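Fold and geometry: a report
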Amino acid sequence: MRTSPVWSPTQYGKFGDKRGRAFDDLVNRIEADEVKRVVDLGCGPGNLTATLLDRWPEATIQGIDSSEPMIEAAGEYATDRLSFVVGDLLEWTAEPGSLDVIVSNATLQWIPEQLELLPGFVRALRPGGWLAIQIPGNGDAPSHAILRELASTEPYAQYAAEKSLRPDVPGPAEYIEALTAEGCVVDAWETTYNHILPGENAVLEWVKGTGARPVLQSLPDDLRTEFEAEYGARLAAAYPQRSFGTVLPFRRIFAVAQKEG
Ligand SMILES: C[S@@+](CC[C@H](N)C(=O)[O-])C[C@H]1O[C@@H](n2cnc3c(N)ncnc32)[C@H](O)[C@@H]1O
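So, how was this worked out
Residues numbered from 1 in each chain as written. Predicted model: local features only at pLDDT ≥ 70, side-chain atom pairs only at ≥ 80, totals over all residues. Helix = DSSP H or I, 4+ residues; strand = E, 2+ residues; numbered from the N terminus. Rg over C-alpha atoms; globule rule 2.2 N^0.38 Å. Buried ≥ 20, exposed ≤ 12 C-beta atoms within 10 Å, placed from the backbone. Arc of directions from axis to C-beta. Contact = placed C-beta atoms within 7 Å. Axes fitted to C-alpha atoms, helices over the stretch in contact; angles between N-to-C directions. Left-handed = near helix turned anticlockwise from the far one by under 90°. Nonpolar A, V, L, I, M, F, W, Y, C, P; charged D, E, K, R; others polar. Near = placed C-beta within 6 Å. Core = buried A, V, L, I, M, F, W, Y, C linked by C-beta atoms within 7 Å. Pairing = 2+ DSSP bridges.

**Side note on the overall build of the protein**
Within the protein, the regular secondary structure consists of twelve helices and eight strands. Computed over the C-alpha atoms, the radius of gyration of the protein is 19 Å, within 12% of the 18 Å expected from 2.2 N^0.38 for a compact globule of 261 residues. When the backbone C-alpha atoms are referred to their principal axes, the protein occupies close to 55 × 35 × 35 Å. The buried share of the protein, taken over its 261 residues, is 41%.

**Some details on helix H7 (residues 142–151)**
Listing the buried residues of H7 in full gives Ser143, Leu147 and Ala151. The buried residues of H7 occupy an angular sector of 50 degrees when projected down its axis, which confines them to one face. Turning to H7, the residues buried within the fold contact helix H8 (157–160), helix H10 (202–208), helix H11 (213–218) and helix H12 (221–238).

**Structural notes on the packing of H7 against H12**
Between two packed helices, the angle of one axis relative to the other and the distance separating the axes together describe the packing. At their nearest, the axes of H7 and H12 sit 10 Å apart, and the two run at 145 degrees to each other. The interaxial crossing formed by H7 with H12 has right-handed handedness. Contacts from Pro142, Ser143, Ile146, Leu147 and Leu150 in H7 reach Phe227, Glu230, Tyr231, Arg234, Leu235 and Ala238 in H12. Broken down by class, the residue content of the contact of H7 with H12 amounts to eight nonpolar, one polar and two charged.

**A word on the site of the ligand**
Around the ligand, 21 residues are found, and the nearest of them are Gly42, Gly44, Ser66, Ser67 and Leu89. Tallied by class, residues from the shell around the ligand come to ten nonpolar, eight polar and three charged.

**Quick look at the nonpolar core**
In this structure, Val101, Ile102, Leu131, Ala132, Ala255 and Val256 are the most contacted members of the largest nonpolar core, which totals 54 residues. Counting residues per element, this core draws most heavily on strand E5 (residues 125–136), which supplies six residues. If we ignore the near neighbours within four places in the chain, the residues touching Ala132 are Leu26, Val27, Arg29, Ile30, Val103 and Val256. Membership of the second largest hydrophobic core comes to 18 residues, among which are Leu147, Leu204, Ala212 and Leu219.

**Quick notes on the pairing of strand E8 (residues 245–259)**
A regular strand places its side chains so that they alternate between the two faces of the sheet. Within E8, eleven of the 15 residues are buried, which leaves it mostly tucked inside the rest of the structure. Here E5 runs beside E8; their pairing, made up of seven bridges, is antiparallel. Residue Trp130 lies in a different strand from E8, and its bridge partner there is Gln258. With 14 bridges connecting them, strand E6 (residues 184–197) and E8 associate as antiparallel partners. Its bridge partner being in E8, Val186 is matched across the sheet by Ala257. Here strand E7 (residues 241–242) runs beside E8; their pairing, made up of two bridges, is antiparallel. Paired with Gln241 across the two strands is Thr246, which belongs to E8. Between E7 and E8, which pair antiparallel in sequence order, lie two residues.

**Observations regarding the environment of Ala141**
Among the secondary structure elements, Ala141 is positioned in the loop between E5 and H7. Given 21 C-beta atoms within a 10 Å radius, Ala141 is considered buried. Placed 107 residues apart in sequence, Ala141 and Leu248 show a C-alpha to C-alpha distance of 9.7 Å.

**Remarks on helix H6 (residues 114–124)**
When we look at burial in H6, the residues that qualify are Gln114, Leu118, Phe121, Val122 and Ala124. Along the axis of H6, the buried residues cluster in a sector spanning 145 degrees; they form a single face. If you follow the buried residues of H6, they end up packed against strand E4 (99–105), E5, helix H9 (172–180), E6 and E8.

**Some details on unusual backbone geometry**
Residue Pro155 follows Glu154 across a cis peptide bond; omega there is 10 degrees. Secondary-structure assignment places Pro155 in the loop between H7 and H8. Here Glu34, not a glycine, exhibits a phi torsion of approximately 50 degrees, which is positive. Secondary-structure assignment places Glu34 in the loop between helix H2 (16–27) and strand E1 (37–41). Positive phi, normally seen in glycine, also occurs at Asn201, with a value near 45 degrees. You can see Asn201 is positioned in the loop between E6 and H10. Here Asn201 falls in the partly exposed class, since 18 other C-beta atoms lie within 10 Å of it.

Here is the structure:
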């Protein structure tokens, strides 16, 4: 089963500018006005949530995340209009019709039953309210294929095989289907960004902050070091470092829905 790992705000924060681009592209598609209440589901370290303060200057914004280290890091951005709370999206509810905007960026891929949560999210919106979701759709990329292959060979497999299953995420068409059924007008699309990453072992450093965490954390310390060396060498071959940096193609899926009303 896929589980959300223990998060490191520091490791995740590397490449923050690149990770933030999809959030901006997502939020830019929301056409809401008169926004008073906003929730960011799976807010992580809060830096992106904080950008919403300027976007909707009248709004009260809450970030929710199941990771205590992430919420602790997010505290740095708290203001009288921005708060953060630890909470699991599997249990999250809000008063029906109480929210103007719900954002969830790079989070729902960690929740296999995510489509079942969508009706509750839409219920929490007022008529005319907006739900905006972005998830990675890069499960077939070399970064993940190599991870799965390595994690399913011994000596790693005894610890890690179950931690590296291919994320089975919805595509744009599934979001359109699911959210239209909830009475929304939906715009869903996909984009492949070509991030140019600086530094040595750049792709290894990137995946250590996100997708590779469940595998790495399942391994005993000595094996983790060995695994990282082998994984890093294979990543370096798949994503060669150039004079200008290392190119990481990264597919992402977006769904922006407005509740009819
Ligand atoms: C890749 S980070 C994205 C953080 C932030 N939205 C961003 O774009 O920078 C994924 C976040 O999802 C959170 N998460 C995963 N499963 C969750 C769940 N069931 N409930 C709440 N948060 C969850 C993790 O703790 C993590 O902070």
